[in-house]
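Spelled out, the chains give:
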Amino acid sequence: ELEDQVKAALDEMRLAVDSMQIGDGDLTTALATLRWRVQPRLHAAGLDLHWDVHELPALAGLTPTAVLQIQRIVLEALTNVVKHARAKAVWVNCRAEPGGQGLVLEVADDGTGLPAQPLQAAPASGAIGGQGVPSMQARASAIGAALSLAPRGGGGTLVRLQWPGGPAQGA
């Protein structure tokens, strides 16, 4: 467990450093950097990663802080898949809403799915219902986004982040 905590702390530090080096709320580059960092760990855990993130438009309000929070949400969702889902595959999809009115980011897996009991009743072990989900919800709320968790069609879990930003000026 100590090793996991140290790895998580290093991931947080690396994300913070990465986000400072990425200018103008460039979420495409930020997510590509995150993919580069986590893909070896996902592969080592036996997970097939399916990545569908294309060039995203500049969005007003997508500050470096918001980009960092989005990266952290994705990292937490992927960490939950590795630790708890017993999945074989994970999908990351990010797309701009029509007309550049925000974005939708999804992390889905084909694992065991959500627990049958309500999220609040799950043990506080860092699993679904532990600190991970409330942390993701707080991060989403801090940037004005909505976060939802739902069963994925065909089994597993779908984490969806909807960020309502509009097009950047001049974009």
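Residues numbered from 1 in each chain as written. Predicted model: local features only at pLDDT ≥ 70, side-chain atom pairs only at ≥ 80, totals over all residues. Heavy atoms only, no water.

### Description of the environment of glycine 165
Thought 1: Looking at where glycine 165 falls in the secondary structure, it is placed in the segment after strand S5 (157-163).
Thought 2: For glycine 165, a relative accessible area of 9% corresponds to the buried category. (Helix = DSSP H or I, 4+ residues; strand = E, 2+ residues; numbered from the N terminus. Buried < 20%, exposed > 50% of the residue type's maximum accessible area, 1.4 Å probe, protein only.)

### Concerning helix H2 (residues 27-44)
Thought 1: Between its terminal C-alpha atoms H2 stretches 26 Å, which fits the 26 Å expected from 18 residues at 1.5 Å a residue.
Thought 2: Where H2 bends most, at valine 38, the angle is about 40 degrees, and the proline proline 40 comes one to four residues later.
Thought 3: Glycine 46, located one to two residues past H2, shows a positive phi value of around 80 degrees. (Expected span 1.5 Å × (residues − 1). Bend = angle between axes of the 7 residues up to and from the residue.)

### What to know about the packing of helix H3 (residues 64-85) against helix H4 (residues 132-142)
Thought 1: Where H3 meets H4, the closest approach of the two axes is 9 Å, and the angle between their N-to-C directions is 160 degrees. Here H3 lies roughly antiparallel to H4, going by the angle between them. In the crossing of H3 with H4, the sense of the turn from one axis to the other is left-handed. Contact with H3, carried on its side by Gln69, Arg72, Ile73, Glu76, Ala77 and Asn80, involves Gly132, Met136, Arg139 and Ala140 of H4 and no other residues of that element.
Thought 2: In the contact of H3 with H4, the residues fall into four nonpolar, three polar and three charged. (Axes fitted to C-alpha atoms, helices over the stretch in contact; angles between N-to-C directions. Parallel < 35°, antiparallel > 145°, perpendicular 65-115°, else oblique. Left-handed = near helix turned anticlockwise from the far one by under 90°. Contact = heavy atoms within 4.5 Å. Nonpolar A, V, L, I, M, F, W, Y, C, P; charged D, E, K, R; others polar.)

### Some thoughts on the pairing of strand S1 (residues 48-53)
It is a general feature of regular strands that their side chains alternate between the two faces of the sheet.
Thought 1: Side chains Leu49, Trp51 and Val53 project from S1 onto a buried face, and the interleaved Asp48, His50 and Asp52 project onto a face without burial.
Thought 2: Crossover handedness for the path S1 to H3 to strand S2 (residues 89-96): left-handed. (Right-handed = clockwise from strand over helix to strand, strands pointing away.)

### Focus on the nonpolar core
Thought 1: Ranked by size, the top nonpolar core spans 40 residues in total, and within it Leu27, Leu31 and Leu105 carry the most contacts.
Thought 2: Elements supplying a minimum of two residues to this core: H2, S1, H3, S2, strand S3 (103-109), H4, strand S4 (146-151) and S5.
Thought 3: Ranked by the residues each element gives to this core, the list is headed by H3, at 10 residues.
Thought 4: If we skip the residues at most four places from it in the chain, leucine 27 touches Leu56, Leu62, Val67, Ile70, Cys94 and Leu103. (Core = buried A, V, L, I, M, F, W, Y, C linked by side-chain atoms within 4.5 Å.)

### With respect to the sheet that holds S4
Thought 1: Strands sit in the order S1-S2-S3-S5-S4 across an open sheet of five strands; the sheet is mixed. Looking at the sheet topology across the chains shown, the edges are occupied by S1 and S4. With strand direction ignored, the average angle separating the axes of adjacent strands in the sheet is 10 degrees.
Thought 2: Each of S2, S3, S4 and S5 touches H3; the most contacted strand, S3, lies at about 10 degrees to it. (Pairing = 2+ DSSP bridges.)

### Digging into unusual backbone geometry
Thought 1: Positive phi is not limited to glycine here, since arginine 86 has a value of about 55 degrees.
Thought 2: As for its placement among the helices and strands, arginine 86 is situated in the loop between H3 and S2.

### Considerations on the pattern of salt bridges
Thought 1: Counted under the stated rule, the structure contains two salt bridges.
Thought 2: Of the charged contacts, one joins glutamate 106 and arginine 95 as a salt bridge, the two residues approaching to 3.7 Å between their closest N and O atoms. Within this pair, whereas glutamate 106 is found in strand S3, its partner arginine 95 is found in strand S2, the two being separated by 11 residues in sequence.
Thought 3: Classification of glutamate 106 as buried rests on a relative accessible area of 13%.
Thought 4: For arginine 95, a relative accessible area of 37% translates into the label partly exposed.
Thought 5: Here arginine 160 and glutamate 106 are joined by a salt bridge, their closest N and O atoms 2.4 Å apart. One end of the pair, arginine 160, is in strand S5; the other, glutamate 106, is in strand S3, with 54 residues separating them in the sequence. (Salt bridge = Lys/Arg side-chain N within 4 Å of Asp/Glu carboxyl O.)

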